[in-house]
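Below are the chains, spelled out letter by letter.
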Amino acid sequence: MHELPITQSLLDLAIKHAEEAGGGKITDLYLVVGKLASVVDESVQFYWDIISEDTTAEGAKLHFRHTPLKIECLDCGAVFEPEEFSYTCNTCSGFRVRVVGGDEFHLEAIDLEQVEVSGAESGS
Ligand SMILES: [Zn+2]
């Protein structure tokens, strides 16, 4: 399975964002998972629980948003969500199509626990 490296980079990214936002504990991650990404939610969650341990993202909740497969017809330009395994344009019945959505996997947003910042703000 490829979920482990994916989950690892997710964690790195979330921590980086959290640090850029001034630090704090990460409470929620919002993920976008395309239908073609072949990422299994449960596997990501499984690895997440292991690798997020002892990080600022420990115990953060993962939210998965699944996006449908999207196909663009190269003949008429129609964009549609195909039936399973049928990539024929439903506008002009063309066969020349390309995938324009559904293979994505990315971190959409994270939520941070608001922490009181004590002491003076240090500008750079
Ligand atoms: Zn078409």
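Please read all numbers here as calculations on a predicted model, not as lab measurements.

**Topic: the sheet that holds strand 3 (residues 70-73)**
Reading across from one edge, 4-3-5 is the order of the three strands in this open sheet, with antiparallel pairing throughout. Looking along the sheet, the strands with just one partner apiece sit at the ends: strand 4 (79-80) and strand 5 (97-101). Note that strand 3 and strand 4 share two bridges and pair antiparallel. Paired with isoleucine 71 across the strands is phenylalanine 80, a residue of strand 4.

**So, the sheet that holds strand 2 (residues 61-67)**
Spatial ordering of the open sheet is given by 2-1-6, a layout of three strands whose pairing is mixed. On the outer flanks of this sheet lie strand 2 and strand 6 (105-112), each paired with one strand and no other. Within this sheet the neighbouring strands show an average axis-to-axis angle of 20°, counted without direction. Where strand 1 (residues 26-34) and strand 6 come together, seven bridges link them in antiparallel fashion. Bridge assignment links valine 33 to a residue of strand 6, and that residue is phenylalanine 105. Its contacts with the sheet put helix 1 (residues 3-20) on strand 1 and strand 6, and the angle it makes with strand 6 is roughly 40°.

**Brief notes about the coordination of the zinc ion**
For the zinc ion, the full set of protein donor atoms is Cys73 (SG), Cys76 (SG), Cys89 (SG) and Cys92 (SG), and the range of their distances to it is 2.3 Å. Every donor counted, the four donor atoms about the zinc ion form angles of 106 to 112° at the centre, which fits tetrahedral coordination. Each donor residue of the zinc ion lies on the same chain, and together they follow the pattern C-x2-C-x12-C-x2-C. You can see cysteine 76 sitting in the loop between strand 3 and strand 4 and its partner cysteine 92 sitting in the loop between strand 4 and strand 5, a full 16 residues away along the chain. Take cysteine 76: its relative accessible area is 37%, and that puts it in the partly exposed class.

So, how was this worked out
Residues numbered from 1 in each chain as written. Predicted model: local features only at pLDDT ≥ 70, side-chain atom pairs only at ≥ 80, totals over all residues. Heavy atoms only, no water. Pairing = 2+ DSSP bridges. Helix = DSSP H or I, 4+ residues; strand = E, 2+ residues; numbered from the N terminus. Axes fitted to C-alpha atoms, helices over the stretch in contact; angles between N-to-C directions. Contact = heavy atoms within 4.5 Å. Donors = N, O, S within 2.8 Å, 3.2 Å for Na, K, Ca; no water. Tetrahedral: all angles 85-135°; square planar, octahedral: opposite > 155°, others 65-115°. Buried < 20%, exposed > 50% of the residue type's maximum accessible area, 1.4 Å probe, protein only.

Distances and angles like these do not, on their own, reveal function.
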